[in-house]
Amino acid sequence: MEAVNKIIKNSNKQAIKLGIFHLQNHLTRQIQARAIEQVIIGDEWEKEEEWLLTCIYKMPHEYIKSGTDIKVNISSFPCVSFVASKTRLINCFKWIGYPVNPFLQGTNHSPIYYLYPLNVIYCSNGMHSFSTGTLESNSYIRTDKIINLKNSYSSIYFDGKYFRKIDTNKKLFKAPSLEFGILYEIGRFVLKLDIHWFDF
């Protein structure tokens, strides 16, 4: 969290918002790159102890059907999707690409979640083409749903490995990754500073 504190120190709100966005983007790119690398180097995806979305559902959250038109360029916005098959991923690598066959959102890319205050797009279907789209420069996607985690911050914190209860320090569950835990704690600053990227 030292990086976040340095971003916040002596900065105006716009600079803070931009700095936090770049940090979120960096962390999600690490998660995404590792997910792709595991499949390319190994035979199949080695499932982590906790899936990101499973972890989120264990937290107090508000599930919102998006009433707003959230559209982002997934090559430059914080996005995460896991891949499971080397064959499907390689096929997408071969056939998806601008300008001949640019990435296009289809009915298989659903649901697409916007996670607040993490400011992350999470794709849970159509993962191989989505992951390929993140490597392009002009791949856009619209969200279906919003998961608002703001109510979890009064009772849960990340200790560097596990999520714990604030009042009792009881271990709840392991984070899917260090980066996700850091993204969650950055969300605490986002709420405190009342930063929003979209209205909903």
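This text gives an overview of the structure that appears in the document. (Residues numbered from 1 in each chain as written. Predicted model: local features only at pLDDT ≥ 70, side-chain atom pairs only at ≥ 80, totals over all residues. Heavy atoms only, no water.)

**Quick word on the side chain of Ser129**
And then number 1: Its location among the elements puts Ser129 in helix 5 (residues 127-133).
And then number 2: For Ser129, a relative accessible area of 12% translates into the label buried. (Helix = DSSP H or I, 4+ residues; strand = E, 2+ residues; numbered from the N terminus. Buried < 20%, exposed > 50% of the residue type's maximum accessible area, 1.4 Å probe, protein only.)

**Some words on the pairing of strand 9 (residues 162-165)**
And then number 1: Looking at chain direction, strand 8 (residues 156-158) and strand 9 are connected through three bridges and run antiparallel. By the bridge assignment, Phe158 is partnered in strand 9 with Phe163.
And then number 2: Following strand 8, the chain reverses through three residues before pairing antiparallel with strand 9; Gly160 in that reversal takes a positive phi of roughly 110°.
And then number 3: Bridge count between strand 9 and strand 10 (residues 171-174): three bridges; the pairing is antiparallel. Bridged to Arg164 within strand 10 is Lys171.
And then number 4: Taking the residues between adjacent antiparallel strands as the criterion, strand 9 and strand 10 are bridged by five residues, where Asn169 takes a positive phi near 65°. (Pairing = 2+ DSSP bridges.)

**Some words on unusual backbone geometry**
And then number 1: For the bond from Ser110 to Pro111, the omega torsion is 0°, close enough to zero to count as cis.
And then number 2: Topologically, Pro111 is positioned in the loop between helix 4 (86-95) and strand 4 (112-116).
And then number 3: The linkage connecting Tyr116 with the following residue, Pro117, adopts the cis geometry, with an omega of 10°.
And then number 4: Its place among the elements puts Pro117 in the loop between strand 4 and strand 5 (120-123).
And then number 5: Here the phi dihedral of Asn169 falls at roughly 65°; this positive angle occurs in a residue that is not glycine.

**Some words on the pairing of strand 7 (residues 145-148)**
And then number 1: Both faces of strand 7 are covered, namely the face carrying Lys145 and Ile147 and the face carrying Ile146 and Asn148.
And then number 2: The sheet contact formed by strand 4 and strand 7 spans four bridges and is parallel. Looking across to strand 7, one finds that Tyr114 is bridged to Ile146.

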